[in-house]
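What follows is the residue order along each chain.
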Amino acid sequence: MTRKGLFALLAAVALAGCSRPSPEQQIVNDAAQALGGRDRIAAVKTLVVEGAGTQYNLGQDVTPGASGQTFTVTGYKRAVDVAGGRARTELTRQPNFAFFQGPAAQKQIAGIDGAVAYNVAPNGTAARAAEPIANDRRAELLHHPVTAVRAALDPMARLANPRTEGAESLVDVTAASGQVFTLAIDSATKLPARVIMMADNTNLGDVAISTAFAGYQDVGGLKLPAKLTSKTDDFTTQEINVSTQAVDGDAGDLAAPAAAASAPAITGTAPATVTADVLAPGIWYLAGQSHHSLLVEFADHLMLIETPQNDTRALAVIAKARALVPGKPLTQLVNSHHHFDHSGGVRAAISEGLTVITHQGNVAFLEEIAKRPHTKVPDALAKNPKPLTVEGVKDEKVITDGTMTVNLYPVTGAHSETMLMAYFPRQRILVEADVYNPGPVQTFAAEFLAGLKARNLRIDRIAPLHAQVATYAQFLKDASKAPASTN
Ligand SMILES: [Zn+2]
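Worth saying up front: this structure is predicted, and the values here are computed from it rather than measured.

1. Remarks on the pattern of salt bridges
Inspection of every chain in the model, using the stated rule, returns 16 salt bridges. Here aspartate 81 and arginine 86 are joined by a salt bridge, their closest N and O atoms 3.0 Å apart. Aspartate 81 gets classed as buried once you look at its relative accessible area, which sits at 15%. Residue classification places arginine 86 among the partly exposed residues on the basis of a relative accessible area of 25%.

Laid out in structure tokens, this is it:
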């Protein structure tokens, strides 16, 4: 080597030393290179992904631990305007189980256009979705290798905490948008393996929302995954198998429909409306919106049946109960079943010191949700921690003090295997969730009726935790036209 050549070599080595990427940058650079190079990624305008797959029923399956209920997804099409922050997903899903809305396939169209999230109903009517949903959809834009690595390559992005876990190298990314996610790449192939984001779930608190990528194939100068699997913590929520996908193909019109774009933003949770109707002395039906409760007065205390949905609804119901009977302490809650919309206010009830009575099969689940961290969005229990007192009911439980009697019975079946109903023998009122709502669609009524006949209960009225109170005659009429539960 000549003297001049040696100097050139040393200069090159020195330069390389100065510009050697940090370990966190190296992970992103490796991912970009494996996908097709940073220039190719930067040039991507649109992604159009079509396929089919499966969705699962998080928080709504037959037991807290079950995952067997699925929807078959067909006609999946997701079009993404990568630079414009717009996306639209269309799919049709068909339940493979006794679904409360009936067995028909449902077409869904959901989109995000910058600040505006929207849904398009099957009849073509578009409506703006609430801000938390818009946030979720903006987050979802990053759940693809190209968009995630593109965001991580942005000079304004901050990278941190490079690490190796198993066969993956991970780096935490704060995107220029402020969105925070973790990019995990396969340590061998360097291809993105997963994108993980922390989010808030009303029932579960802090959860990891992740999408895993597999089956990479060559598309338009890039490597793109042919399988995308979404999870909430360890629960798989959706699997999509890609049939065709295109880079810079025709994404169609991704602008929010005018009806949604011109609608005002829906921020915060609307205050709850709680009405109170006396069903019998000492028994109030607390309705007003989609999910109802009952207040029951005993000689020396009060009991609620159901604190549904979320803190807002549950705390409003609790306040209403205390206002209706100010002289007696509210000490008990009967939770009908584990489904997220019915158990979403249990944490609020715990924070108010109520003892929770539920089906034995939900006890471990309630113990789990009582202790999960809620740091992303601190809820009532996070702000006012209290220990959980929970009582499981296996066969039957009678709560009575002479002035008031309530019998709790398990009501198992296709809707939930860990559910209680409440029966007031003197007033002949039956309280149930989800297995009978007066109306045209009756997925569970026939099965429910068979269960009631087996118990030989004398019932005048049914007080459902949705819809409105029905006479037993009305229930018999509805149950007789109900389709038998299938699957
Ligand atoms: Zn339910």
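2. Things to note about the pairing of strand β18 (residues 293-297)
Counting buried positions along β18 gives 4 out of 5 residues, so the element sits mostly inside the fold. Both strand β17 (residues 283-287) and β18 contribute to a ladder of 4 bridges, which runs antiparallel. Note that in β18 the partner of tyrosine 285 across the bridge is leucine 294. What sits between the antiparallel neighbours β17 and β18 is a turn of 5 residues, in which glycine 288 has the positive phi angle 120°. Pairing geometry for β18 and strand β19 (residues 302-305), over 4 bridges, is antiparallel. Looking across to β19, one finds that leucine 294 is bridged to isoleucine 305. Remark: 4 residues form the turn of the hairpin made by β18 and β19, two consecutive strands paired antiparallel.

3. Topic: the environment of glycine 344
Within the secondary structure layout, glycine 344 lies in the loop between α8 (340-343) and α9 (346-351). The class of glycine 344 is buried, set by a relative accessible area of 6%. Along the backbone, glycine 344 and glutamine 309 are 35 residues apart, and their C-alpha atoms lie at a distance of 4.3 Å. Among all residues touching glycine 344, those that are not within four sequence positions of it are Thr202, Asn203, Thr307, Gln309, Asn310 and Asp311.

Calculation rules
Residues numbered from 1 in each chain as written. Predicted model: local features only at pLDDT ≥ 70, side-chain atom pairs only at ≥ 80, totals over all residues. Heavy atoms only, no water. Salt bridge = Lys/Arg side-chain N within 4 Å of Asp/Glu carboxyl O. Buried < 20%, exposed > 50% of the residue type's maximum accessible area, 1.4 Å probe, protein only. Helix = DSSP H or I, 4+ residues; strand = E, 2+ residues; numbered from the N terminus. Pairing = 2+ DSSP bridges. Contact = heavy atoms within 4.5 Å.

In short, geometric facts, not functional conclusions.
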